[in-house]
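Chain by chain, the residues run as shown.
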Amino acid sequence: MAGKAAAPGTAVLLVTANVGSLFDDPENLQKNWLREFYQVVHAHKPHFMALHCQEFGGKNYEASMSHVDKFVKELLSSDAMKEYNRARVYLDENYKSQEHFTALGSFYFLHESLKNVYQFDFKAKKYKKVTGKEIYSDTLESTPMLEKEKFPQDYFPECKWSRKGFIRTRWCIADCAFDLVNIHLFHDASNLVAWETSPSVYSGIRHKALGYVLDRIIDQRFEKASYFVFGDFNFRLDAKSVVETLCTKATMQTVRAADTNEVVKLIFRESDNDRKVMLQLEKKLFSYFNQEVFRDNNGTALLEFDKELSVFKDRLYELDISFPPSYPYSEDSSRAAQYMNTRCPAWCDRVLMSPSAKELVLRSESEEKVVTYDHIGPNVCMGDHKPVFLAFRITPGAGKPHAHVRKCCVVQ
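As the structure is a computational prediction, the values presented were derived from the model and not from experiment. Residue numbers here run from 1 along each chain, matching the order of that chain's written sequence. Local features in this predicted model are restricted to residues of pLDDT 70 or higher, and side-chain atom pairs are both shown and tallied only at a pLDDT of 80 or more, whereas totals for entire chains, interfaces and linings draw on every residue. Hydrogens and water are ignored here; the side-chain numbers use all heavy atoms of the structure.

Undergrad: Residue-level account of the environment of Y288, with values.
TA: In this description a helix means any DSSP run of H or I spanning at least four residues, a strand means any run of E spanning at least two, and both kinds are numbered starting from the N terminus. Locating Y288 in the fold gives a position in strand 15 (residues 285-288). Expressed as a C-alpha distance, the spacing of Y288 and I376, which sit 88 residues apart in the sequence, is 25 Å. Here a residue-residue contact requires only that any non-hydrogen atoms of the pair lie within 4.5 Å. Residues in contact with Y288, not counting those within four places in the same chain, are L246, C247, M278, L279, V293 and F294. Among the polar contacts listed, one links the side chain of Y288 to the backbone oxygen of L246, at a separation of 3.3 Å. Polar contacts, as counted here, are pairs of nitrogen or oxygen atoms within 3.5 Å of one another; within protein the pair requires one atom able to donate a hydrogen and one able to accept it, and residues that are adjacent in sequence qualify only if both atoms are side-chain atoms.

See below:
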């Protein structure tokens, strides 16, 4: 499989997937999900592959434990993955610890043709050669091969049971050292609140949390390395701008609760055309009459409202998006390409990188297209999130201009 392609260098595949739906309805969704995932693996033939999962185990982790074990076993032993003879799996299964639980799962697979891969031990501050397949779960806090944190409760006090946080690992492949960060940022608790201001209060919370992560991974404790941050950022379109654009010629009706006078619904109607309802907005309802606007030309017209990453323009880079919003898809398998009317569709799931990681990815481009940034399963029900991936090649010697990177392979 991998290693037979003509293109030079080490093929890398980075995938992010919010998989909560898979454990709420494993019978219908897991088989489809795995089939689509394996197709991407087969198409890109990576030597090194990272799969970052969020909401691993679903909403009710305790009830889903058997499904979790089955899913992990399938990934590690399936025929589609048989050429990956080394693996590291880190599962945060400590669901009884409200203080620490993030529901993150990070999977790393190494192809049999890939020699001399090292992983960083954050405690010993040195790299160790990766051999065999190992699974770490329950209390990841004591695992020296990663850093894990849950965001403090005061970051998002509205959500009492928040499980948002990040897991960081560091790798050395083909003379290149890089960090891989699995991240899950805070969601929008209410469409009505998100609509009130621009930028919304929720985007401010995400900005704070992501800034914290970036500061953490470039602090002075360890040598600096390139980094890829991929996960469910919960980035949303600027709701106020989107609504104003979609409903330019509409009139707005405000519906308030009789007892509290609180706004509970906004109804936007066309000024003429029998006052047809264009959009209904409630706390957890975003019902727009024409869903095609989110799918036409992969939703490109909406990218101007995707503004949250611009705050980090000097610290994070992303390839051009050429796929439709990754969330919230219908969980009904007969409506695989339809969005649910719960939220305004948005590009929540992303693969972002540091400026030095961007050089690593883009300097590997040749006349042959070897860099792909896309989503998985456009016409198949994958749950409420479509996984997103970045495939690229590290060219031989790409990391050598950075002297400290070369040292990483001179270890036990």
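On we go.
Undergrad: Explain the sheet that holds strand 4 (residues 105-111) to me, and be specific about the residues and the numbers.
TA: Strands sit in the order 7-3-4-2-1-18-17 across an open sheet of seven strands; the sheet is mixed. Every other strand in the sheet has two partners, leaving strand 7 (133-136) and strand 17 (372-375) as the edge strands with one partner each. The average angle at which neighbouring strand axes cross in this sheet is 10°, direction not considered. Direction of pairing for strand 1 (residues 10-18) relative to strand 18 (residues 388-394): antiparallel, over a ladder of seven bridges. Counted as the bridge partner of V15 is F389 from strand 18. Between any two strands, pairing holds if DSSP finds at least two bridges. All axes here are fitted lines through C-alpha atoms, helices being fitted over the stretch that makes contact, and every angle between N-to-C directions spans 0 to 180 degrees.

Undergrad: Quick rundown of helix 6 (residues 239-246)? Include the residues and the values.
TA: The set of residues buried in helix 6 consists of S241, V242, V243 and L246. Structurally, helix 6 contributes buried residues whose contacts are with helix 4 (191-196), strand 13 (263-270), strand 14 (277-282), strand 15 and helix 7 (292-295). Relative accessible area decides the class of each residue, using a 1.4 Å probe on protein chains only: under 20% of the type maximum gives buried, over 50% gives exposed, and in between gives partly exposed.

Undergrad: Tell me about the packing of aromatic side chains, and please be specific about residues and values.
TA: In this analysis, rings of Phe, Tyr and Trp, with Trp reduced to its six-membered ring, are considered paired at centre separations within 6.5 Å, and the interplanar angle assigns stacked below 30 degrees, edge-to-face beyond 60, and tilted for intermediate values. Taken as a whole and assessed by the stated rule, the structure comprises 33 aromatic pairs. Measuring from centroid to centroid gives 5.7 Å for F23 and F71, while their planes differ by 75°, and the two rings are edge-to-face. Taken together, the positions of F23 in helix 1 (residues 20-24) and F71 in helix 3 (residues 61-77) put the pair 48 residues apart, joining distant regions of the chain. F71 matches F23 in its accessibility class, with the two residues each being buried.

Undergrad: Account for helix 3, naming residues and giving values.
TA: Given a rise of 1.5 Å per residue, 17 residues ought to cover 24 Å, and the 23 Å separating the end C-alpha atoms of helix 3 matches this to within 8%. Note on bend: at a given residue it equals the angle between the axes fitted to the 7 residues ending there and to the 7 starting there. The largest bend in helix 3 amounts to roughly 35° and is located at H67. Every buried residue of helix 3 is accounted for by Y61, S64, V68, F71, V72, L75 and L76. On its buried face, helix 3 sits against helix 1, helix 2 (26-44), strand 2 (48-54), strand 3 (84-91), strand 4 and strand 7. Expected helix span is given by 1.5 Å per residue-to-residue step, counting one fewer step than there are residues.

Undergrad: Please set out the nonpolar core residue by residue, giving values where relevant.
TA: Among soluble globular proteins, nonpolar side chains are generally buried collectively. Residues L14, F48, F178, L180, F228 and L390 are the most contacted members of the largest nonpolar core, which totals 63 residues. When residues of this core are assigned to their parent elements, the largest contribution, four residues, is made by strand 18. When sequence neighbours within four positions are dropped, the list of residues in contact with F178 reads F48, T169, R170, W171, I173, A225, S226, F228, L360 and I394. Residues belong to a common nonpolar core when they are buried Ala, Val, Leu, Ile, Met, Phe, Trp, Tyr or Cys residues joined through side-chain atoms within 4.5 Å.

Undergrad: So, unusual backbone geometry: which residues are in play, and what are the values?
TA: With an omega dihedral of -5°, the bond running from S198 to P199 counts as a cis peptide bond. Relative to the helices and strands, P199 resides in the loop between helix 4 and helix 5 (201-217). The peptide bond linking Y327 to P328 adopts the cis configuration, its omega dihedral lying at 0°. Here P328 shows up in the loop between helix 7 and strand 16 (349-353). Residues other than glycine seldom take positive phi values, yet K45 does so here, at roughly 45°. The phi dihedral of E55 falls on the positive side, at around 55°, and the residue is not glycine. Checked against the element boundaries, E55 lands in the loop between strand 2 and helix 3. The buried category is assigned to E55, whose relative accessible area is 11%.

Undergrad: Mind laying out the pairing of strand 6 (residues 126-129), listing which residues take part and the relevant values?
TA: Relative to strand 6, strand 5 (residues 118-121) is paired through four bridges, and the arrangement is antiparallel. Across the sheet, the residue bridging to Q119 is K128, located in strand 6. What sits between strand 5 and strand 6 in their antiparallel hairpin is a turn of four residues, with K125 showing a positive phi close to 60°.

Undergrad: Got a sec to walk through the sheet that holds strand 15? Specific residues and values, please.
TA: If you trace the four strands from one edge of the open sheet to the other, you get 12-13-14-15, paired in antiparallel fashion. Since the sheet does not close on itself, it has two edges, and those belong to strand 12 (250-256) and strand 15, each with one partner. Going across the sheet, the axis of each strand differs from the next one's by a mean of 15°, ignoring polarity. Sheet analysis places strand 14 next to strand 15, joined by four bridges and oriented antiparallel. Its bridge partner being in strand 15, E282 is matched across the sheet by L285. Helix 6 contacts strand 13, strand 14 and strand 15 of the sheet and is inclined by roughly 25° relative to strand 15.

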